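These are the residues of each chain, in order.
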Amino acid sequence: MTASPLDGIKVLDFSELLPGPFFTQSLADLGATVIKVERPPHGDNARLLGAGGFEAVNRGKRSLVVDLKQEDSRAELYALADDADIVVETYRPGVMTRLGMDAATLRARNPRLIYVSVTGYGQDGPWAHWPGHDINYLAAAGALALTGTEDEWPASNLGLPVADLCGASSALSATLAALYQRTATGEGQYLDVSITDAVLHWMTARIGAFRNDGKSDLASQRAVTVSKPAYGAFACNDGRHITIAALEDHFWIRLVQALDMGPFADTDYFKMSMRKTAADAINQHIASLCRERGADELLQDLTSRDIPAAPVLAPSDLHEVPQFSDRDMWASEGELALPRFPVRLAGARDAVGAPTLDDYRQHKDS
């Protein structure tokens with residue numbers, strides 16, 4: 001059997017809730033051994049907020065309940081950290097130092113250790129000690145200001161915790177890079193992951209476009225971000241929605257051939273620069289056409305003509321979608337099955353089963 005990508009990598013995971021556990025879940029999916037360190041009496045607060053959410057991002061880990069304020073407990077953790085490749089923590093800056101489990105202390109004992117702190121705003125700066133959640137980080141990084149409609153600006157709910165998942169993804173990529181770098185240097189390092197910085201990094205393409213187009217005020221920035229011609233979600237006559245994204249000129253020409261675009265079929269609109277000036281009117285026209293047709297029939301018509309279109313699917317529908325089952329994307333069975341790590345690597349195996357509280361000692365010799 002092929003070894004998993006992170007076979008033999010040991011992770012000591014002090015993280016709670018979503019960003020840190022989602023990051024370490026990915027490490028577990030890639031074959032790392034993850035020991036989840038939890039505080040008494042109830043462990044990770046996610047256990048109280050919802051068992052399903054907890055299980056989804058803690059599969060395949062082991063739980064170790066430790067009171068970090070007790071010296072004998074710290075001795076047990078020092079021994080585990082001495083043998084670990086990665087330590088992950090999500091406390092506010094300074095907490096792990098007070099507990100004697102900070103990067104300097106652990107890396108002095110184990111120089112090969114990669115120590116990862118995932119926080120809302122990073123370890124320094126005037127916001128470093130602020131509490132926060134996903135919407136705060138999106139707002140602080142400039143992303144939230146680009147969302148919503150005139151009636152609801154900015155949008156208060158994007159449906160996914162984008163900032164949390166963005167921070168987790170940045171932590172994963174940086175950690176894997178640090179592991180690779182260690183093969184050359186023999187040394188670990190400290191990684192200060194700010195969720196807000198990660199969102200700011202994702203703003204790169206938007207900021208670049210604003211700079212190039214001279215869009216320096218928020219109104220114009222929102223206009224080009226929110227309103228794109230032939231781009232959006234459109235209601236059909238059966239109550240379902242589809243998305244259309246005919247941005248490029250060649251896709252637009254195909255859309256004109258597929259739908260009666262009326263005045264917008266004129267060749268003047270074959271250039272994006274012209275379509276941008278009438279984006280709202282174009283989308284209103286497309287919306288009126290979509291309301292006259294059923295979703296399946298319209299989707300088949302558009303995709304058969306090589307026009308970017310897709311159905312708007314609800315989470316409960318996903319397990320029945322052939323696209324995902326054909327790609328073997330499910331790590332569990334049935335409705336609302338859990339997706340697996342999205343890139344299949346040789347030897348990767350699904351991490352299954354959330355840990356019961358403090359089950360590490362029961363299994364550590366097995």
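Worth saying up front: this structure is predicted, and the values here are computed from it rather than measured.

Undergrad: How should a negative patch on the surface be read in this particular structure?
TA: Together, Glu-150, Asp-151, Glu-152 and Asp-280 line one region of the surface with negative charge. Structurally, Asp-280 is set in helix H14 (residues 279-290).

Undergrad: I would appreciate a short explanation of unusual backbone geometry in the present structure.
TA: Among all residues save glycine, negative phi is the norm, and among peptide bonds the norm is trans. Residues Pro-40 and Pro-41 are joined by a peptide bond in cis, for which omega reads 5°. Here the bond from Trp-153 into Pro-154 is cis, since omega is -10°, no more than 30 degrees from zero. Structurally, Pro-154 can be placed in the loop between helix H7 (134-140) and helix H8 (162-185). Its identity as a non-glycine residue notwithstanding, Asp-306 has a phi of 60°, on the positive side. By the secondary structure assignment, Asp-306 is in the loop between helix H15 (295-304) and strand S9 (309-311). Take Asp-306: its relative accessible area is 48%, and that puts it in the partly exposed class.

Undergrad: Can you help me understand the packing of H8 against helix H9 (residues 195-202) in this one?
TA: A pair of packed helices can be characterised by two numbers: the angle between their axes and the separation between those axes. Their axes nearest at 8 Å, the elements H8 and H9 cross at an angle of 90°. The angle between H8 and H9 places the two elements in the roughly perpendicular class. Contacts between H8 and H9 pair Val-162, Ala-163, Asp-164, Cys-166, Gly-167 and Ser-170 from the former with Ile-195, Ala-198, Val-199 and Trp-202 from the latter. Across the contact of H8 with H9, the residue classes tally to seven nonpolar, two polar and one charged.

Undergrad: Help me understand the side chain of Ser-63 in this model?
TA: Tracing the chain through its elements places Ser-63 in strand S3 (residues 62-65). A relative accessible area of 0% means that Ser-63 is categorised as buried. In this structure, Ser-63 is in contact with Lys-36, Glu-38, Arg-47, Pro-355, Thr-356, Leu-357, Asp-358, Asp-359 and Tyr-360, ignoring residues within four places of it in sequence.

What counts, and where the lines are drawn
- Residues numbered from 1 in each chain as written.
- Predicted model: local features only at pLDDT ≥ 70, side-chain atom pairs only at ≥ 80, totals over all residues.
- Heavy atoms only, no water.
- Patch = residues over 30% accessible without salt bridge, like charges linked within 9 Å, V, L, I, M, F, W, Y side chains within 5 Å.
- Areas by Shrake-Rupley, 256 points an atom, 1.4 Å probe, with all protein chains shown as cover.
- Salt bridge = Lys/Arg side-chain N within 4 Å of Asp/Glu carboxyl O.
- Lys, Arg positive; Asp, Glu negative; His and termini not counted.
- Charge placed at Lys NZ, Arg CZ, Asp CG, Glu CD.
- Helix = DSSP H or I, 4+ residues; strand = E, 2+ residues; numbered from the N terminus.
- Buried < 20%, exposed > 50% of the residue type's maximum accessible area, 1.4 Å probe, protein only.
- Axes fitted to C-alpha atoms, helices over the stretch in contact; angles between N-to-C directions.
- Parallel < 35°, antiparallel > 145°, perpendicular 65-115°, else oblique.
- Contact = heavy atoms within 4.5 Å.
- Nonpolar A, V, L, I, M, F, W, Y, C, P; charged D, E, K, R; others polar.

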